[in-house]
Amino acid sequence: MLHETLRNKYEMVIGLEVHCQMKTRTKLFCSCPNNFGDAPNTNVCPVCLGLPGALPVISREAVTLALRAALATGCTVHETSIFSRKNYFYPDLPKGYQISQYDRPYATDGRVEALEADGTAKTVRLERIHMEEDAGKLLHEGYPWSKDMSGVDLNRSGAPLIEIVSKPDIRSAQEAHAYLTALKAILVYADVSDCNMEKGSLRCDANVSVRVRGAEAFGTRAEIKNLNSFRNVARAIEYEYERQVALVEAGHKVVQETRLYRADKDETASMRSKEDAHDYRYFPEPDLPPLVIDAAWRGDTLAALPELPSAKRARFVAEYGIPHYDAAVLTLTREVADFFEEVAKGSGNGKAASNWVMTEVMREMKGRESSEGDVSYSSLPIKPSALAELIRLIDTGAINGKTAKDVFSRMWTSGESPKAIVEREGLSQVSDTGAIEAAIREVIASSPEQVATYKKGRTNTIGWFVGQVMKKTGGRANPKIVNDLVKTALDAA
Amino acid sequence: MSGLTSMGMGELAAAIKAKKTSASEVVDAHLSRIAEKDASIGAFLSRDDDRARADAKEVDARLARGEDPGALAGVPIAIKDVIHVKGLATTCGSKILNRFATPYDATVIRRLRNAGAIVLGKLNMDEFAMGSSNENSAFGPVRNPWDLTRVPGGSSGGSAAAVSARFAAMALGSDTGGSIRQPAAFCGVVGLKPTYGRVSRYGLVAFASSLDQIGPLTRSCADAALSLSVIAGQDVHDATSSPRVVEDYGAALGESARGLRIGVPRDFLKGVDAGVMAEFDKSIAALQADGAAIVDIALPNAPHAIATYYLVATAEASSNLARFDGVRYGLRTESAASKSSLKDMYGETRDAGFGPEVKRRIILGTFVLSSGYYDAYYLRAQKVRTLIRRDFETAFASCDVIATPTTPSPAFKLGEKTANPLEMYLADVFTVPANLAGVPGLSVPCGFSNGLPVGLQFVGPMFQEATLLRAGHALERLMGAAAAQPPV
């Protein structure tokens, strides 16, 4: 760990470039399915194979999704934008160039509200968003011929991407993590992408530099690639910050270069220097006319945008009276938010709904995910309406909180309704004062020493009596009634 | 029926439909002529005679069933080997494609087949359409049917020679800087480069995407009109194809040049061979006598067209030809070094696969797009291109079409200009401006100089092919040069 004094001396400056694969039905420039996991080279045609004579034609659906992303991040959408060719040779790039947007992207100047775990909010400005096509994939391993050669799978070639470039506004690894979390939430809400980093539908490169706090000029940056999780983004940034601070402290210069993060060693290593950087020879793609997004297209897309995380967060706080932090957690994905809201509405108790979802539901979810992988809220055995019913049972005094937790675990395993469980198992709360008073009499009669202690003025021992009575009633007695009756009985004893 | 190989497309289709002859008879007549004569010309790179005969039989069978096989029923055509025809290899006149077996038909081929045309085979060309003499073909030169010691022009040299030699009633060519019009002029046939966007480029192997257009080479303007009516129109596979409605170009041919305002840019017509100039002047006089108004116009930026063209076209070509890398299809050179290094494989494959002119242009194009040079070359060229386009717009305010010689000289000797690429490039001086501006151009035979055909070029405003064809049709009638047959 870097010493605190150095940490105070140097500020880290981070900009992130996020590649997001959009969930369109077809590829960006042809009608091949935008599917993954199929047998190699099955979702291909002359266009995405880059066969001579084939021409790209832009997908309207892809532009609409890209437009959603831009509108959801408050970008300025440009009516006319231009596609360009980025030229380089690589076996996964069948045309020898990638069709991308360069000097005239469709969207610029957006913003993302990032919320850190401690609740601090931070606005990260976006430089631009542009559309581009994905390349194919090289297959180096796992085939009978892998010893002698590599294969090329072009199923992904031509898949639609947006690249979201932030301004260098990020100042810590935590902020980077928070920004990515918020960005992902927006993109998932807006139905642009499933943003799954493991499946490669979200990819991130980090531009990292350091400067003495208070300095105006940025330091020389390194671009870090191969970041395959939010956690690794944060770790790589932290490593890179320390590496650069050490360099500067030792009187060396940071070189502009591309570095690769190695998760197994938790370090970055030089991949290529600025001198070796490709000259991509960008020029306007002559096969595609300028892309025109008119006011109607923009307007329709904006009107169809769902409520976004920040708006939902604010509404949850106002409507259900829950804390900002809870609202932030509950709006991380649309699924959780919808689940919560149904519980809150059905139970009429937003705070309880929030507590149940954030503790019991999320804990069970986590357990399930660790054993089964991705789990969707809609597939859970507990439906929001059932959880709402459980909360109503507590609120009406039919069961107590302790019983409710038992009922919850039974609901989780069996999927039964809480009422059915309570009735079958006879778990309803005992509020019958006669039964409770009988139990109190027994306890007082069998505990003269404790009664004497209480009588000496140690009134805080009342809890012990309450516990004994609860035990006698199988935990089902209404604790508030027990408390009141015990006090009355002891004072009268 | 005799004389089948000299008939026009409309005439042939009509005779076949009227059962005066059959598609099979027509195709056989052409195939035997090719078999007999093409050894001395070298127009064809590949043929599928069996497929052509089967297609002809199918047309005849449809007619027998009372169906209409289309406007080009049984008309034999041939295709420049830069346009994909499923079932035939595409070579682009290059070794690097290694007789690439294309899995799809170009849109133009689909349209022609739907109209009943019979594809006889693929035609020789300058490698990747880069050249003005057909001498850049990796598969040997094509000879001019009018004089076997001379070039047919290029890059659609095989197309012009095939139509001139009566091997096919029509041939498709592609025109990036004059590649249809210049060989048409050299071989004494009609060549039309449509407006950019009028004909789909899907299935045309790209040389320079913002300049390339497919067009017909025929023996009359009426045939060019008929061909264009079939191949033109928007295509969902080509985003640069125009949604504009396709006209009936044949109906617009008219009877004379009366009322047509023909602009002549005299200042631009420097360094033209005296024989060519004489034929050009005679044609202009004849058009005037026929009722056309001759207007003096200026194209002040046209002299910069060649320089501009060699920046724009090479830049785009350097990118378009990057896909020929030996990874997925075509040639792959595998020496010991290239087996272990990807870079070596790329280098060796491209070195062995591309000819010298293609390499020259890839290098030039790569250079003009390079960081630090882009603004000075590519961007500047685009600006000059805009000026050239404006020159045309200004000129078309005072005339309907512009007339120039198609080429500064008639067909030159094989080998005459191969040592000097710059001199070769100047063969396109009058044709290149139309590509840079996107406007249509038509070359029509207008006479002979020392026994060699001379072409006159009409250039028109965007999408005014009908006007061009009307002017060309009038010129054909006035000069009678299109009817002449080569000695082959």
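Remember, predicted model here, so these are calculated numbers, not experimental data.

What counts and what doesn't
Residues numbered from 1 in each chain as written. Chains lettered and ligands numbered in written order. Predicted model: local features only at pLDDT ≥ 70, side-chain atom pairs only at ≥ 80, totals over all residues. Helix = DSSP H or I, 4+ residues; strand = E, 2+ residues; numbered from the N terminus. Rg over C-alpha atoms; globule rule 2.2 N^0.38 Å. Buried ≥ 20, exposed ≤ 12 C-beta atoms within 10 Å, placed from the backbone. Contact = placed C-beta atoms within 7 Å. Pairing = 2+ DSSP bridges. Axes fitted to C-alpha atoms, helices over the stretch in contact; angles between N-to-C directions. Nonpolar A, V, L, I, M, F, W, Y, C, P; charged D, E, K, R; others polar. Core = buried A, V, L, I, M, F, W, Y, C linked by C-beta atoms within 7 Å. Expected span 1.5 Å × (residues − 1). Arc of directions from axis to C-beta. Parallel < 35°, antiparallel > 145°, perpendicular 65-115°, else oblique. Left-handed = near helix turned anticlockwise from the far one by under 90°. Domains from an automatic or database assignment.

Draft legend 1. Representation of the overall build of chain A in the model. Within chain A one finds 16 helices and 16 strands. Computed over the C-alpha atoms, the radius of gyration of chain A is 30 Å, more than 25% above the 23 Å expected from 2.2 N^0.38 for a compact globule of 493 residues. When its C-alpha atoms are laid out on the principal axes, chain A stretches across 95 × 55 × 55 Å. The 493 residues of chain A split such that 41% are buried. For chain A, restricting intrachain contacts to residue pairs at least 6 apart in sequence, the fraction spanning at least 24 positions comes to 70%.

Draft legend 2. Fine view of the overall build of chain B. From N to C terminus, chain B includes 16 helices and 13 strands. Relative to its length of 488 residues, chain B is compact, with a C-alpha radius of gyration of 21 Å against a globular reference of 23 Å. With respect to the three principal axes, the spread of C-alpha positions in chain B is 65 × 55 × 45 Å. Every one of the 488 residues in chain B was classed for burial, and the buried ones make up 62%. Pairs at least 24 residues apart make up 77% of the contacts formed inside chain B by residues separated by at least 6 positions.

Draft legend 3. Examining the sheet that holds strand 11 (residues 401-405) of chain B more closely. All names here are of chain B. Ordered by their spatial adjacency, 11 strands build an open sheet running 1-5-2-6-8-7-12-13-11-9-10, and the pairing between neighbours is mixed. Since the sheet does not close on itself, it has two edges, and those belong to strand 1 (44-47) and strand 10 (293-296), each with one partner. Strand-to-strand twist in this sheet, taken as the mean axis angle between neighbours without regard to direction, amounts to 30°. Contacts from helix 3 (residues 49-64) reach strand 1 and strand 5 (118-123), with the element oriented near 155° to strand 5.

Draft legend 4. Expanded view of the interface of chain A and chain B. Each side of the interface is counted separately: chain A has 24 residues, and chain B has 31 residues. Of the residues belonging to the side of chain A that touches chain B, the class tally is 15 nonpolar, 4 polar and 5 charged.

Draft legend 5. Structural view of the sheet that holds strand 15 (residues 283-284) of chain A. Residues and elements named next belong to chain A. Read across the sheet, 3 strands follow the order 5-4-15 without closing on themselves; strand pairing throughout is antiparallel. Each edge of the open sheet is held by one strand with a lone partner, namely strand 5 (97-101) and strand 15. Direction of pairing for strand 4 (residues 83-87) relative to strand 5: antiparallel, over a ladder of 5 bridges. Paired with Ser84 across the strands is Ser100, a residue of strand 5.

Draft legend 6. Structural detail: the nonpolar core. Ranked by internal contacts, the top residues of the largest apolar core, which has 274 residues, are Ala66, Tyr179 and Ile237 of chain A together with Val75, Ile77 and Ala171 of chain B. Ranked by residue count, the leading element in this core is helix 3 (residues 173-189) of chain A, at 12 residues. If we skip the residues at most four places from it in the chain, Ile77 of chain B touches Leu112, Ala117, Ile118, Val119, Leu120, Ala168, Ala169, Met170 and Ala171 of chain B. The next biggest cluster of nonpolar side chains, apart from the first, holds 12 residues, and it includes Phe465, Val469, Val482 and Leu485 of chain A.

Draft legend 7. Structural view of helix 8 (residues 274-289) of chain B. Residue and element names in this part refer to chain B. Counted at 1.5 Å a residue, the expected span for helix 8 with its 16 residues is 22 Å, and the 22 Å between its end C-alpha atoms agrees. Listing the buried residues of helix 8 in full gives Val276, Glu279, Phe280, Ser283 and Leu287. Each buried residue of helix 8 sits inside an arc of 100° when the element is viewed along its axis, so together they form one side. Along helix 8, the residues that are exposed and aim more than 90 degrees away from the buried face are Ala274, Ala285 and Ala289. Where helix 8 is buried, its residues touch strand 9 (261-264), strand 11, strand 12 (441-449), strand 13 (452-459) and helix 16 (465-479). In the segment just after helix 8, Gly291 is the residue with positive phi, at about 115°.

Draft legend 8. The arrangement of the packing of helix 2 (residues 60-72) of chain A against helix 5 (residues 295-303) of chain A in detail. Residue and element names in this part refer to chain A. Axis separation between helix 2 and helix 5 bottoms out at 10 Å; the angle between their running directions is 65°. One finds that helix 2 runs roughly perpendicular with respect to helix 5. Like other packed secondary-structure pairs, helix 2 and helix 5 cross with a definite hand, here right-handed. Contacts from Thr64, Leu67, Arg68 and Leu71 of helix 2 reach helix 5 at Arg298, Thr301 and Leu302. Counted by class, the contact of helix 2 with helix 5 contains 3 nonpolar, 2 polar and 2 charged residues.

Draft legend 9. Spotlight on the domain arrangement of chain A. All names here are of chain A. As assigned here, chain A comprises domain 1 (4-300), domain 2 (307-425) and domain 3 (433-492). A C-alpha centroid distance of 36 Å is found between domain 1 and domain 2. Contacts between domain 1 and domain 2 engage 9 residues on the former and 9 residues on the latter. Elements that contribute at least two residues to the side of domain 1 that touches domain 2 include exactly strand 6 (107-115) and helix 3. For the side of domain 1 that touches domain 2, the leading source of residues is helix 3, giving 5 residues. Considered class by class, the residues forming the side of domain 1 that touches domain 2 number 7 nonpolar, 1 polar and 1 charged.

Draft legend 10. Highlighting the packing of helix 11 (residues 401-414) of chain A against helix 12 (residues 418-425) of chain A. Residue and element names in this part refer to chain A. The interhelical angle for the contact between helix 11 and helix 12, taken along N-to-C directions, is 115°, at an axis separation of 10 Å. Here helix 11 is positioned roughly perpendicular relative to helix 12, judged by the angle of their axes. Between helix 11 and helix 12 lies a crossing of right-handed hand. Facing helix 11, whose interface residues are Val407, Arg410 and Met411, helix 12 presents Pro418, Ile421 and Val422.

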